[in-house]
Amino acid sequence: MATDRVLDLRYNEMWKAWNNAGEEEDDNSTLFKGDLVLSWKQLSVTVVKKIPKLIGSSEVVTKQILNNVSGNVECGTLLGIMGPSGSGKTTLMATISHRTKGNFSGELLLNGRPVSEDVMIKISGFVAQEDISFVQLTVLEQLKLMARLKMDRATTDKVIRDRIDYLSAHLGLNKILNSRLCVLSGGERKKVALAVQLINDPPILFCDEITTGLDSYSAAHIVNTLRRVAQSGKIVICTIHQPASGLFDQFQEVILLTNGRLAYQGSVSLVNNFFQRYGYICPATYNKADFIVSILNSDGVLDRNNVNNMCELSSNVAQMDIKFNSFNKDVQSEYGHHLQAEKLSWITQVLLLLYRSIMCFIRNYKEKLLEFGTLLFLGVITSSPYANLQFDTKAVQNWQGFWLCLVINIVFQFSYSAIATHQIKFSVVHREVSNKVYSLSAYYVSEMIILYMWVFVKTIIFCIVVFWIVGVEWVFMQLLVFLILTFASVSYGSLLSAYFSRVEEAIVFSTVYEYLALPLSGAYLSFRSLPKVMYSLRYLSLFFLGCETVSTLFWERITSLPCTDIANCLDNGKAVLNKYGFISSDLYFDIMILLLFCLLANILGYFGVLKKMKIQPAY
């Protein structure tokens, strides 16, 4: 007799996690045994914002995000932080992980002793809610790069490969290792972000709403993985937002927040008992997490009174001290190797980051080809009216018009192409530098190298094409001068990008500079008619420095010109330079100013990016 077959709709991996079955210890994993505990006492976080007014001083608004929040978590524990929107979940996570730039009051302790920002960042990983990375890289390239940058400099390639293989197997990444990050789904990118933070095997892991936006299976797989990580002897802390009922039960402990206050911390299995004391019984068919959040977020008078009583009970200092006093053991040896790990040398960091920049550049070839095609198109448009110019007095104005248009085109095109240099990648770099993955100077140098390499190629091809159309008998010195001018223009655009957070603001400032600098180019006014103060300002104009250098190189070689107009005869190149107010003896002085401008602009640009790094990264 045939037996009836029943379709088992349970996800195997999800079901194993929810029943604590099927877990196997992996001998290759680095386990952290011991009594490692992270504690925080009476944390309060207040933010101050200035609201500008049309008239009068700005209005100062103070808002308290966290109010007297205490808690602790032991190794081997998966802790969830839950509460209504705006309750302070992410702020608490950022504060206890030392990822916030804001000041907070209270104590942050590791094994009963204060823990510094530097130590916390070295021994912990942070998976942010919003994953931002260089999406042109493949998963394997991202993991290899982060392993080299985050692990000890003495780590061998075999150890790195083994670590990547271990994480890939346990996180289900084997099928997507050769896929670029830009084509991955949300769940796959969350797994990659988790793998990056686990690559150096930190004893503490923070995850901000890691299940948000995922389907139930992907969310269960992620939480299942985090539970295994915690069971290996680590501390895992997650903020959670509207989890499925079964998913909520996989956390061993939970912190409940409401309006920045602590309502409960304890075992997930005892949450129902805690709320039953106040007369709240969760229906059997109702999502436990939704039921809890609805109470914490209720505007009812009775509910608010009950929640306030919960917060007062949970914030009892004497009760929290009993917990803290039991965790004063010295087990620093459990994470001491993270503190002793040596970072890669600065030059190695530069080379690795340069490799990343090159790979991203190559794989972003469509945008680069469009940029290059636009430059050539503008070059052809600019030079076509001057095709096959003759050498006589009548053509002097045309030649000078050509050089002026060429200089203006280069300054505008290259400065504006670099005006978003640091905005595009800043959020990724900001987070990685703040987490001490690499130094800012190493990134900045690698970024400038790839930028100037691309500018070099574009400038050479652009100039050769334009010179060929017009019929310029150019020398290499002219190419060199144009290269220096393009480098100065790019440095100017990069400088604006470093000091302005928005491209629109940088463009407004650049427009003001260009309106002042363009008349000083030498084509629109006679320098001899200017006061000495105004005359000296010409050296602040890239248009003037470009026009004087290229005009000098071109006209000083012209020893004679056919004179077709006796009344207005410019019979040689020196006469042309004199007419336009250019001084040929200042050629090398102008070149030195351009080179100095490049150097100063890049140095100031670095400090501009460094200043931006002082604000809190996007977590």
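The structure we're discussing is the one just above.
Residues numbered from 1 in each chain as written. Predicted model: local features only at pLDDT ≥ 70, side-chain atom pairs only at ≥ 80, totals over all residues. Heavy atoms only, no water.

J.: Pulling in residues and values, what's your account of the packing of aromatic side chains?
T.: Here the structure, examined in full by the defined rule, presents 29 aromatic pairs. A ring pair is formed by Trp403 and Phe467, whose centres lie 6.1 Å apart and whose planes are at 75°; its orientation type is edge-to-face. You can see Trp403 sitting in helix H16 (residues 396-417) and its partner Phe467 sitting in helix H18 (residues 440-470), a full 64 residues away along the chain. The two residues Trp403 and Phe467 agree in class, both being buried. Ring plane angle 35° and centroid distance 6.4 Å describe the contact between Phe467 and Trp474, whose orientation is recorded as tilted. Trp474 sits in the partly exposed class, given a relative accessible area of 30%. Taking the ring centre of Phe426 as reference, the NZ or CZ of Lys612 above it sits at 5.6 Å. (Phe/Tyr/Trp six-rings, centres within 6.5 Å; stacked < 30°, edge-to-face > 60°. Helix = DSSP H or I, 4+ residues; strand = E, 2+ residues; numbered from the N terminus. Buried < 20%, exposed > 50% of the residue type's maximum accessible area, 1.4 Å probe, protein only. Lys NZ or Arg CZ within 6 Å of the ring centre and 35° of its normal.)

J.: Give me the sheet that holds strand S3 (residues 77-82): which residues, what numbers.
T.: The sheet built from six strands is open, its strands ordered S6-S7-S8-S3-S9-S10 with mixed pairing. Every interior strand has two partners, whereas the edge strands, strand S6 (124-127) and strand S10 (261-267), have only one. Going across the sheet, the axis of each strand differs from the next one's by a mean of 15°, ignoring polarity. Alignment of S3 against strand S9 (residues 253-258), held across four bridges, turns out to be parallel. Looking across to S9, one finds that Met82 is bridged to Leu256. Running at roughly 130° to S3, helix H7 (residues 216-231) makes contact with S3, strand S7 (204-208) and strand S8 (235-239) of the sheet. Across the sheet, helix H11 (residues 301-314) is in contact with S9 and S10; its angle to S10 comes to roughly 70°. (Pairing = 2+ DSSP bridges. Axes fitted to C-alpha atoms, helices over the stretch in contact; angles between N-to-C directions. Contact = heavy atoms within 4.5 Å.)

Nothing here speaks to function; it is all geometry.
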